[in-house]
Amino acid sequence: MRTNDRFWYAALSTLLVFGLAACAKEEMPEDTAAKAMPVGPAEYTVVVKSTWTRENHPFEYPSANPISGPHFSGVIGAAHNASYAIFTEGSMPSPGLERLSEQGKHDPLDAEINAATAAGSAGPLFSTGPLRDFADSLVGTVTVDSAHPMVSLVMMVAPSPDWFTGVSSVNLMENGAWVASKTMELTAYDSGGDDGMTYKASDKDTNPKKPTSRAATAHFVINGVAVPVGSVTFTRK
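Quick caveat, the model's predicted, so the values are computed rather than measured.

All right, on to helix α4 (residues 109-118) then. For α4, the full list of buried residues reads L109, I113 and A116. Down the axis, α4 shows its buried residues gathered within 55 degrees of arc, on one side only. Each element contacted by the buried residues of α4 is listed here: β3 (76-80), α3 (95-103), β4 (122-127) and β6 (150-158). Positive backbone phi, approximately 90 degrees, marks G120, located one or two places after α4.

What follows is the structure, given as structure tokens:
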């Protein structure tokens, strides 16, 4: 091959390589590039509202009382990754979830969450006081990041043997970005720690424990349909 031929061959090869690279870059979907970008932390306001009323849940609805009347215990929750969840349908309740669902106490669930935080599976826990006036709402704050994009939270439905409500592993990252807002219905659950079947049933510890499941009694299921006891909204600040 002559010197000039070799020169033009090398030049054409270089142009071809750069041309193919440019085409590949142009054809890359925009969302692919976005997903590859690291996402910084985001802070969310958490608002819990109750629809657990005599009108919506008439069967054996508890009588009004400042202390023992219908209320939600304080919320407790945390941001976390897929290796941790406060509760999961079909799984046995942790000691912390069982006590929360039976007594509305945050301990030892708070210690369980703190252990997950120390292990890197969860962010700091957040909590609120109880909700007794259902015309009001509970408000908290949670911070998520790319290592902990999910949120779980729980609260006791009180009075009850071991019923609670909450959400598990709600992912606030969609398509590589934090959602602006997300609202979810709150379902009643049976933690599996007590065999009581009425709101004010005497303590009847389940032994052995049963898996956590959706509450299936007439208190929360009407004509075969589970009636939500409230809602939770996550709004990015």
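Quick look at the pattern of salt bridges now. Applying the stated criterion across every chain, the model contains 7 salt bridges. In this structure, K209 and E98 form a salt bridge, with 2.8 Å as the shortest nitrogen-oxygen distance. Residue K209 is found in the loop between β10 (181-190) and β11 (213-214), and its partner E98 is found in helix α3; the two are separated by 111 residues along the sequence. Of the residues examined, K209 reaches a relative accessible area of 27% and is grouped as partly exposed.

A few words now on the environment of G196. Relative to the helices and strands, G196 is located in the loop between β10 and β11. Sequence-wise, G196 and W163 are 33 residues apart; in three dimensions their C-alpha atoms are separated by 9.6 Å. Those residues in contact with G196 that lie beyond four places of it in its chain are P161, W163, A201 and K204.

All of the buried residues in α3 are G96, L97, E98, L100, S101 and E102. Of the surrounding elements, those touching the buried residues of α3 are β3, α4, β6 and β7 (163-171). Note on α3: the residue one or two positions beyond its end, G104, has a positive phi of about 75 degrees.

Cut-offs used in this document
Residues numbered from 1 in each chain as written. Predicted model: local features only at pLDDT ≥ 70, side-chain atom pairs only at ≥ 80, totals over all residues. Heavy atoms only, no water. Buried < 20%, exposed > 50% of the residue type's maximum accessible area, 1.4 Å probe, protein only. Helix = DSSP H or I, 4+ residues; strand = E, 2+ residues; numbered from the N terminus. Arc of directions from axis to C-beta. Contact = heavy atoms within 4.5 Å. Salt bridge = Lys/Arg side-chain N within 4 Å of Asp/Glu carboxyl O.

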